[in-house]
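# Examination of the molecular architecture
Now for the letters of each chain:
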Amino acid sequence: MIKSIALLFTAITISVSAFAQDTAQPKPSPAAVATGKVKGATITINYSSPAVKGRKIWGGLEAWDKVWRAGANEATTIETDKDLTVEGKTLPAGKYSFFLIPKESGTWTAIFNKEPKQWGAYKYEEAKDQLRVDVKTKALKATQERLVYKITKSGFSLEWDKISVPVSVK
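Definitions and cut-offs
Residues numbered from 1 in each chain as written. Predicted model: local features only at pLDDT ≥ 70, side-chain atom pairs only at ≥ 80, totals over all residues. Heavy atoms only, no water. Helix = DSSP H or I, 4+ residues; strand = E, 2+ residues; numbered from the N terminus. Buried < 20%, exposed > 50% of the residue type's maximum accessible area, 1.4 Å probe, protein only. Contact = heavy atoms within 4.5 Å. Phe/Tyr/Trp six-rings, centres within 6.5 Å; stacked < 30°, edge-to-face > 60°. Pairing = 2+ DSSP bridges. Axes fitted to C-alpha atoms, helices over the stretch in contact; angles between N-to-C directions.

## A few points about the environment of Asp 129
Structurally, Asp 129 is set in strand E8 (residues 129-136). On the basis of relative accessibility, which here comes to 15%, the residue Asp 129 falls in the buried class. Along the primary structure Asp 129 and Lys 114 are separated by 15 residues, whereas in three dimensions their C-alpha atoms are 5.9 Å apart. In this structure Asp 129 touches Ile 111, Phe 112, Asn 113, Lys 114 and Tyr 124, once residues within four positions along its chain are discounted.

Set out below in structure tokens:
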């Protein structure tokens, strides 16, 4: 009986200790949210924020000419409560997964896909795209270590490494 109690106590101690250590570690790509108003519409962007960590990002970690989840972990989502005009094209109110196709030329493709619940871009289907637009990247003056989305009065942008990807919204 005493051996059973000692064994149970040891198992509980190890489990609690392992759990505490696991939760104490910072996540490599923590979840983040950007929310703001653009032309009267509320836009919410949910994403995971990876860090550069000395890696070659564009044309390295993230390949040129390949659909990318525009963040880490689950696909980035963008939700709007009103119809928007994105780069001159209509995007109906709703929730979308957001993808980018990075291109070495500096003109990237931004994709709003009707399937918001996806892990990465592994099951991305072009047939479910609501909208595709071309956007021109801009060079950042300093390295943006952690991926971040910013919402401004004229739209939103993704900034990471040495590149900003602005998306115009009206």
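## Some points on the packing of aromatic side chains
Evaluation of the coordinates by the stated rule reveals nine aromatic pairs. Ring geometry for Trp 58 and Trp 160: centres 5.7 Å apart, planes at 90°, overall edge-to-face. With a gap of 102 residues between them, Trp 58 in the loop between strand E2 (41-48) and strand E3 (76-80) and Trp 160 in strand E10 (residues 155-168) connect regions that are remote in the sequence. Trp 160 carries the same exposure label as Trp 58, and that label is buried. Following the ring pairs from residue to residue traces out a cluster consisting of Tyr 47, Phe 98, Phe 112, Tyr 149 and Phe 156.

## A look at the sheet that holds E3
Backbone hydrogen bonds are what pair the strands of a sheet, in a parallel or an antiparallel way. The strand order across the open sheet built from six strands is E1-E2-E3-E6-E7-E8, with neighbouring strands paired in antiparallel fashion. Taken across any chain shown, the strands that pair with only one partner, and hence form the sheet edges, are strand E1 (31-38) and E8. When strand polarity is set aside, the average angle formed by the axes of neighbouring strands in this sheet is 25°. Across five bridges, the pairing between strand E6 (residues 94-101) and strand E7 (residues 107-113) is antiparallel. Bridge pairing in E7 links Phe 99 to Ile 111.

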